[in-house]
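Single-letter residue listing:
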Amino acid sequence: MENNTKLERGLGQRQMEMIAIGGCIGTGLFMGSGKTISLAGPGIIFIYAATGLILYFVMRAMGELLVHNLNYKSFVDFSEDILGPSAGFFVGWSYWFAWIVAAIAEITAISGYASFWWPDLPHWISALSTVVLLFTLNLLSVRAFGELEFWLSIIKVIAIIGLIALGLWLATTGFISPEGIAARVSNLWSYGGFFPHGVSGKLLNGLQTTIFAFAGMEIIGTMMAEAEHPKKMIPEAIRKIPWRIMIFYIGTVTVLMIVTPWNAIPSDKSPFVGMFSLVGMIGAASVVNFVVMSSATSSSNSGIFATSRMLYGLAQQHHAPAIFGKLSTYQTPTVGIYLGSAIILITSLLLATKDSIMEAFDLVGTVAALIFIFIWTMILISYLVYRRRFPEAHAKSEFKMPLGRVMPYVSLAFFGVVLYALTLSEDSLIALYVLPTWFIGLGLIYWLKTRHSDAQKKLLSDYKAKVARQNKAAQEYRNKLRQH
C-alpha cells in the first residue's frame, strides 16, 4: 500500500448521473411500496411527493454548501467547518454507521431474495458471495465502483420505465383483470378516496418505509473529491432530482393503483410482480426478483463505498486512526473498505441465520432511516449557520437554495412529523429506543478523545477564533449593506 493522500477524480458525468438516480431508487420502492400502499392507499402519492420535495431542498442546501468551498470533500467537512469539530465527528461516524446498517439490511434482504431461485441454499452463502464481489470491485478503483453502479442503476431504470409503459398501455386499452376489475384512472379515488384511512394513523405509518426508500440520495455529497468536475457535476445531478422522483416514485405508484385498486395490492409481495403477471408475462416473478436483487446489490455497493470514504475523511480531520487516511496504488481507501466489508459480512451472516429475514430487514432498515434523518438535519443546520455567518458568500453563490429562508425550517418540522410517525409502530419504537445508545457511546468516545488531547484542544481553540473572525466579517458586511 502506498501512502497516497488524494482520492482519484475518476467519476465522470455519465456515472455521476446514474449514481444520483440509483440513490433515488432503493429496494424500498420495489418491495416496500406494496406495504406502504396498503397503509396509505392512494395517499402514498402525497407521501412520496412531500418526502421527495423536502429532500430536494435538503440536497439544494447541501449543494450550495459544497459549491461554496470546493475544498470540502463531503458534508462532513462543511459540518465540521461551520458547526465545529464535534459536529464533524458525530456526522462522519453516524453516516458511516448509517451505511453500515443500510448495507446490512440490503445484504440480509439479498439472502431472502436468493431463496426464490435456490430455496435450499443456505442464506450465509449468498450473503458471503455478494460481500466478496462488492469488496473486490471497491478495492480496484473508483471507476470500477462507478461502472458497477452505472449498470445496476440502468437495470432499475429499465424496470420502472417498463412498468409505467405497461400500466399506461393497460389503462388506455381498457384492460380488465381476471377478477373483472378494469384499469382506469378513477381507481385512484373509487375505493375510499385518496385518504381511505384518514390523514393520520396509517397514513403516517407509511412514512416509515418511505424514508428508507429515499435514504442514500445524499451520497452524491460524498463524491466531491472523486468527481472530475464537481462544481458542474454536483449541481446538475441535484437539479434533476425532482424529475426523478416524479417519474420513478410518483409515476410508478400512480400507475400501479390505476391498473389495480390499492386495496387489491398485497402488502407482503412486490406489486411489480403482480403488474407484469397480469399480461401473462412468463417468469414475471423471476424478472422482478432479479431487479430487486440488483437494487439491493447497488445499495450494498454504495454502502461499502460511502463507509470507506467517510473513514478517509474522518482520518484527514484526525477523528479516526491515521491508517484510514492512506490510499492504495489505485487511490482507494483500502483499510476502510476492509473494515466496512468485514462488519457488513459478519453481521449479515448472523442475521441470515434468523428464521425471519424480512423482520431483520425491517428492524435494521428503521435504524438506518433514523440516522439518515439525523444526517439530513445536520445538513440543514449547517446551511442555516452558513447563511448567518457567510452572508456575502451566500449572496454571490452560483447555486443558491430556493426559498432558503423558509424551507430549512419546514424541512426540520417535517422530520419532526416523521419521528412522531415512527412512535406509532412497535417495530420502529424498538429502533427509537436503541438508537440513543449509539449517540451516547459516540459522545463518550469524543469526550475521552478530546479530554487529554492537546491537538484536539488546539483544534477547538482555532475553531472558536475562526468563528469570531467570521462573525465580525459578517457584521461588517451587513453594516455595509445598511449604509447602501
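Keep in mind the model is a prediction, meaning the values are calculated, not measured.

Rules of the game
Residues numbered from 1 in each chain as written. Predicted model: local features only at pLDDT ≥ 70, side-chain atom pairs only at ≥ 80, totals over all residues. Heavy atoms only, no water. Salt bridge = Lys/Arg side-chain N within 4 Å of Asp/Glu carboxyl O. Phe/Tyr/Trp six-rings, centres within 6.5 Å; stacked < 30°, edge-to-face > 60°. Buried < 20%, exposed > 50% of the residue type's maximum accessible area, 1.4 Å probe, protein only. Lys NZ or Arg CZ within 6 Å of the ring centre and 35° of its normal. Axes fitted to C-alpha atoms, helices over the stretch in contact; angles between N-to-C directions. Helix = DSSP H or I, 4+ residues; strand = E, 2+ residues; numbered from the N terminus. Left-handed = near helix turned anticlockwise from the far one by under 90°. Contact = heavy atoms within 4.5 Å. Nonpolar A, V, L, I, M, F, W, Y, C, P; charged D, E, K, R; others polar. Polar contact = N/O pair within 3.5 Å; in protein donor to acceptor, adjacent residues only side chain to side chain.

Caption draft 1: Fine view of the pattern of salt bridges. Scanning all chains against the criterion turns up four salt bridges. Of the charged contacts in the structure, one is a salt bridge between Lys 73 and Asp 77, with a shortest N-O distance of 3.5 Å. Between Glu 392 and Lys 396 there is a salt bridge, with the nearest N and O atoms lying 3.2 Å from each other.

Caption draft 2: Representation of the packing of aromatic side chains in the model. Counted according to the given criterion, the structure contains 25 aromatic pairs. A centroid spacing of 5.0 Å and a plane angle of 90° characterise the contact between Phe 150 and Trp 151, whose relative ring orientation is edge-to-face. A relative accessible area of 10% means that Phe 150 is categorised as buried. An aromatic cluster is present here, built from Phe 75, Tyr 95, Trp 99, Phe 372, Trp 376, Phe 414 and Phe 415 joined pairwise through their rings. One Lys or Arg, Arg 60, reaches over the ring of Phe 399 and ends 4.1 Å from the middle of that ring.

Caption draft 3: Broad picture of the packing of helix H8 (residues 142-172) against helix H11 (residues 241-259). Between H8 and H11, whose axes approach to 9 Å, the crossing angle comes to 35°. Along this stretch, H8 crosses H11, giving a crossing that reads as left-handed. Taken together, the residues of H11 that come into contact with H8 (itself represented by Val 157, Ile 160, Leu 163, Ile 164, Gly 167, Leu 168, Leu 170 and Ala 171) are Ile 247, Phe 248, Gly 251, Thr 252, Val 255, Leu 256, Ile 258 and Val 259. Broken down by class, the residue content of the contact of H8 with H11 amounts to 13 nonpolar, three polar and no charged.

Caption draft 4: Fine view of the side chain of Ser 308. Among the secondary structure elements, Ser 308 is positioned in helix H13 (residues 284-316). The exposure class assigned to Ser 308 is buried, which follows from its relative accessible area of 0%. Here the side chain of Ser 308 touches Phe 305 through a polar contact of 2.8 Å, landing on its backbone oxygen. With near-sequence residues (within four places) excluded, Ser 308 lies in contact with Pro 333, Gly 336 and Ile 337.

Caption draft 5: Local environment of unusual backbone geometry. Unlike most non-glycine residues, His 318 shows phi in positive territory, near 65°. Even without being a glycine, Leu 403 presents a positive backbone phi close to 50°. For Leu 403, the position within the fold is in the loop between helix H16 (391-395) and helix H17 (407-422).

Caption draft 6: How the structure looks around the packing of helix H12 (residues 271-278) against H13. Between H12 and H13, whose axes approach to 8 Å, the crossing angle comes to 145°. Two packed elements cross with a definite hand, and for H12 against H13 that hand is right-handed. Side by side, H12 and H13 meet where Phe 272, Val 273, Phe 276 and Ser 277 of the first sit next to Ala 284, Ala 285 and Val 288 of the second. Split by residue class, the contact of H12 with H13 holds six nonpolar, one polar and no charged.

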